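# Coordinate analysis (summary)
The lines below spell out each chain.
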Amino acid sequence: MSFHLGHYLKANASWLGAGVLLTFLSCFGQTFFISIFSGEIRATFGLSHGAWGGIYSLGTTASAIIMIWAGGLTDIFRVRVLGPAVLAGLAVAALAMALNRWLILLPLVIFLLRLFGQGMSTHLALVAMARWFTTTRGKALSIASVGFAVGEALLPVIFVAAMVFLDWRLLWIISAGICVAGIPILLRLLRQERTPQSLASEYSAAGMQGRHWTRTDALLNPLFWFMAPALLGPSAFITAFFFHQVHLAEVKGWQHIELVALFPVYTGVSLISMFVAGWALDKWGTARMMPFYQVPIAIGFMLAAASTSIGGAVAALVFLGLTVGANSTLPSAFWAEFYGTRHIGAIKAMATAVMVLGSAIGPGLTGVLIDQGVPLDTQFLWIGVFFLLVCLLTWIGISRAARTL
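Calculation notes
- Residues numbered from 1 in each chain as written.
- Predicted model: local features only at pLDDT ≥ 70, side-chain atom pairs only at ≥ 80, totals over all residues.
- Heavy atoms only, no water.
- Axes fitted to C-alpha atoms, helices over the stretch in contact; angles between N-to-C directions.
- Helix = DSSP H or I, 4+ residues; strand = E, 2+ residues; numbered from the N terminus.
- Parallel < 35°, antiparallel > 145°, perpendicular 65-115°, else oblique.
- Left-handed = near helix turned anticlockwise from the far one by under 90°.
- Contact = heavy atoms within 4.5 Å.
- Disulfide = S-S within 2.5 Å.
- Buried < 20%, exposed > 50% of the residue type's maximum accessible area, 1.4 Å probe, protein only.
- Salt bridge = Lys/Arg side-chain N within 4 Å of Asp/Glu carboxyl O.
- pLDDT = per-residue confidence, 0-100.
- Core = buried A, V, L, I, M, F, W, Y, C linked by side-chain atoms within 4.5 Å.
- Phe/Tyr/Trp six-rings, centres within 6.5 Å; stacked < 30°, edge-to-face > 60°.

It is at 10 Å that the axes of helix α18 (residues 330–339) and helix α19 (residues 344–371) come closest, and there the two elements cross at 130°. The orientation of α18 with respect to α19, classified from their angle, is oblique. The handedness of the crossing between α18 and α19 is right-handed. Note on element contacts: α19 touches α18 through I344, I347, K348 and A351, opposite S332, W335, A336 and Y339.

Listed below in C-alpha cells is the structure:
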C-alpha cells in the first residue's frame, strides 16, 4: 500500500504539489486567518460585532457574484497562466489590508481577499485535480487539500503568537510576501501541465445519462438545488465559528490562545477524514457518501453549544473536523461524477459561488444575532438541527439522480 502511494506521489509530484501550494496560499483569504485579526480590525475602525460581520458579508457576497464568471476561466486558461495571476491578486489584497486606513475601503479589501483566496485559489486547485485525475480523483483531491490543512493548523498559532511582538499590519505585509514567493514555485511545478485546458475534452468523463452537462443544464436540473444547502451550510457556519473565535473564547471564559491551540487537533482530524473520504469515494463513489457526511458537523455544533470546558471544545472540534475533511474532497468529486468533467470549471464555479455566498451569510447572520442578544450557544444548537435537515435533502436529491449514472 505504502509502496503504491509512494510511487503515485512520485509519478504525480509536480501536479499534486501545485494543488497543495494553491490550497495552502488560499489560507490568506480564508476566514480562519482573517478572523485572527478581528479584534484589531474592529478596534481600528470602531466596529461592533454586527458591523464587522456586515462588512465581511458584503465583501464576501460580492466575491461570490464575481466567482460565477471568474471560476469559468478555468475552462479556458491553463493553471500555469491563471495561477500566477490569482496569487498576484491575493498578494495585492494582503498589502491592501496592511495599508488601508479608510473604513469605506474595508469591504473592497475583504472582497479582494475572499475572491483571490477562498474563491479562486481553492477553485483552481480543486478543478485541476478533478480534471487531471479520473480513476484516482478522490486521492488527488485529498492530497491537494493537505495545503489547506497545513495552513489551518500552523498559521493561526504562528500569527497569534507573532502579534505579541509585531504590529498586525506588518503581519499582512509578510503574508503578501509569502504569496509573491509562491508564484515562481508554481511556475516551476507546472513546467509541463498534465492536461492543457485546450485538450481537456480528450480527457473528459461523462456524467448522468452519459452526458457532458453545461452550467445551464446543471442549473436547470433539480439535483443542483437539492445540493445547494449542503454546499452553503459548512461554508456558512464553519466560517461563522472561526469568524467569532475571539468572542466565543470570551463568552466561554477561555483564553483566545487556548482555543487557537486546539485548531491543530481539528485540522488533524479533518486531514484523516479527508484521506479516508478520498479513498472511500474512489472505491464506492460519491452517491453513497454525500447524504451522510454532514451528520458529524451537526453533532459538533450541538457539542459546542453544550460545552463549558476546553475538553468539550476538543470534542466539538473533532466532530466538526470529520465533516470538514470529507467536504474537502466529496463535493468536488460529486460535480465531476454526476455532471461530467468537460465543463467542470463553469459548473464548479457556480458551486463555489454558493459556498462563498454561504461564508458571507454565516458571519453576518450570527454577528447580527449576537448584537440582538442571541447567544452563540443557542445559535449553535439550531445550526446543528439545520445540518440534520441538510442530510435529509441531500439523500432525497441523490437517491433520485443516482439511477441515471
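Next comes the rest of the account.
A complete count under the given rule lists zero disulfides for this structure. C179 provides the cysteine sulfur closest to C27, a residue in no disulfide bond, and the two sulfurs are 9.9 Å apart. Classification of C179 as buried rests on a relative accessible area of 0%.

Here F386 shows up in helix α20 (residues 376–401). Spatially, the C-alpha atoms of F386 and G233 are 8.2 Å apart, while their sequence positions differ by 153 residues. Discounting residues that sit within four places of it in the chain, F386 has contacts with P229, G233 and F237.

In the structure shown here, the tally under the stated rule is one salt bridge. One salt bridge in this structure joins K252 and D377, with 2.9 Å as the shortest N-O distance. Of this pair, K252 sits in helix α13 (residues 245–252) while D377 sits in helix α20; the two residues are 125 residues apart in sequence, bridging distant segments of the chain. Looking at D377, the relative accessible area reads 32%, which means it is partly exposed.

What follows is about the confidence of the model for the protein chain. For the protein chain, the average pLDDT comes to 85, and 93% of its residues sit at 70 or higher. Predicted confidence is poor over residues 196–203, with pLDDT under 50, and the contacts of this stretch with residues over four places away or in other chains come to 14 contacts.

This brings us to the nonpolar core. F37, W172, F301, W335 and Y339 are the most contacted members of the largest nonpolar core, which has 125 residues in total. With 14 residues, helix α7 (residues 106–132) is the single largest residue contributor to this core. If we ignore the near neighbours within four places in the chain, the residues touching W172 are F28, F33, I34, F37, A94, M97, A98 and L113.

The next point concerns the packing of aromatic side chains. Summed over all chains, the structure comprises 28 aromatic pairs. Centre to centre, the rings of F242 and F263 are 5.0 Å apart; their planes meet at 80°, and the pair counts as edge-to-face. Here F242 is found in helix α12 (residues 222–243), whereas its partner F263 is found in helix α15 (residues 263–284), with 21 residues between them in sequence. Here the two residues F242 and F263 agree in accessibility, since each one is buried. By the ring-pair criterion, three or more aromatic residues cluster together here, those being F237, F241, F242, F263, Y266, F301, F380, F386 and F387.

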